[in-house]
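These are the residues of each chain, in order.
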Amino acid sequence: MKKMFIKGIVVSSALLLLIACKKEEPIAAVIDTNQIKEEIQAKENEFADTYNAGIVKNIGYHADDAITYPQNSQPIVGKAAIVEFLKAHRDTISVGHKISFKTNEVFTSNDGAQVVEIGYYKIADSTDAIVNSGNYMSLFVKKDGKYVCLRDMSTSDLPNE
């Protein structure tokens, strides 16, 4: 009887120890999606303002290893190649037009290190008539405390010709 009592105490103690030592789940960081949406929209505004001013340069929008998937073109790989593509596009197609971006939604990872942005763009001529518009999706990653675009693609609302 004494052995059963001791065995019961040992088993109970072991169970209590296991319960007490249960690893607590880490508390997820509180992610302020509105603040992140504002931060991404500010990046889009800076991109549009720079582009519309006729200045196409590295403004910290794209990551070094970014890939963009432009409409009716092969993917453009790397920040330097993307800047060159944008320069050529600006010089041959977009002169006299203004582009703008609207961040509609952002979806963030649990730690806020990655953000998928869903947005709308429009291109207007000098009379403010829309010459092109559509939707885009961009993947941002946080590097050195700032978001940079790692992947992006867009689609036009214009019908195929």
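You'll find the structure just up there.
Counting restarts for each chain: residues are numbered from 1 in the order of the written sequence. pLDDT decides what is reported in this predicted model: residues at 70 or higher carry local features, side-chain atom pairs at 80 or more are listed and counted, and totals for whole chains, interfaces and linings draw on all residues regardless. Hydrogens are left out, water is left out, and the side-chain values use all remaining heavy atoms of the structure.

Undergrad: Requested: an account of the layout of surface pockets, with residues and values cited.
TA: Here a cavity denotes a set of grid points, spaced 1 Å apart and computed over the protein atoms alone, in which a 1.4 Å probe fits but from which it cannot get out, and a pocket denotes an open set meeting protein on both sides within 12 Å along at least five of seven lines; residues with an atom within 4 Å of a point are reported as lining. Grid points are joined across faces, edges and corners, and a volume is the space filled by probe spheres set on the points. Taken as a whole, the largest pocket holds about 920 Å³ of empty space. Lining the largest pocket are 34 residues, and of these Gln-71, His-89, Tyr-121, Ile-123 and Ser-154 sit closest to its centre. Each helix is a run of H or I in the DSSP string that is no shorter than four residues. Each strand is a run of E no shorter than two, and both are numbered from the N terminus. Counting residues per element, the ones that place at least two in the lining of the largest pocket are helix 2 (33-52), strand 1 (62-69), helix 3 (79-94), strand 3 (98-108), strand 4 (114-124), strand 5 (130-143) and strand 6 (146-156). Counting residues per element, the lining of the largest pocket draws most heavily on helix 3, at 6 residues. Its residues assigned to classes, the lining of the largest pocket shows 18 nonpolar, 13 polar and 3 charged. Residues are grouped as follows: Ala, Val, Leu, Ile, Met, Phe, Trp, Tyr, Cys and Pro are nonpolar; Asp, Glu, Lys and Arg are charged; all remaining types, including Gly, are polar.

Undergrad: Let's hear about empty space enclosed by the protein: which residues, and what values?
TA: If you roll a probe as big as a water molecule over the atoms, it shows you where there is empty space left. A complete count under the given rule lists 1 cavity of 30 Å³ or more for this structure. Taken as a whole, the largest cavity spans an internal volume of roughly 130 Å³. Lining the largest cavity we find 14 residues, and of these Phe-47, Val-56, Lys-57, Ile-59 and Leu-86 sit closest to its centre. For the lining of the largest cavity, the secondary-structure elements that each account for two or more residues are helix 2 and helix 3. Considered class by class, the residues forming the lining of the largest cavity number 8 nonpolar, 4 polar and 2 charged.

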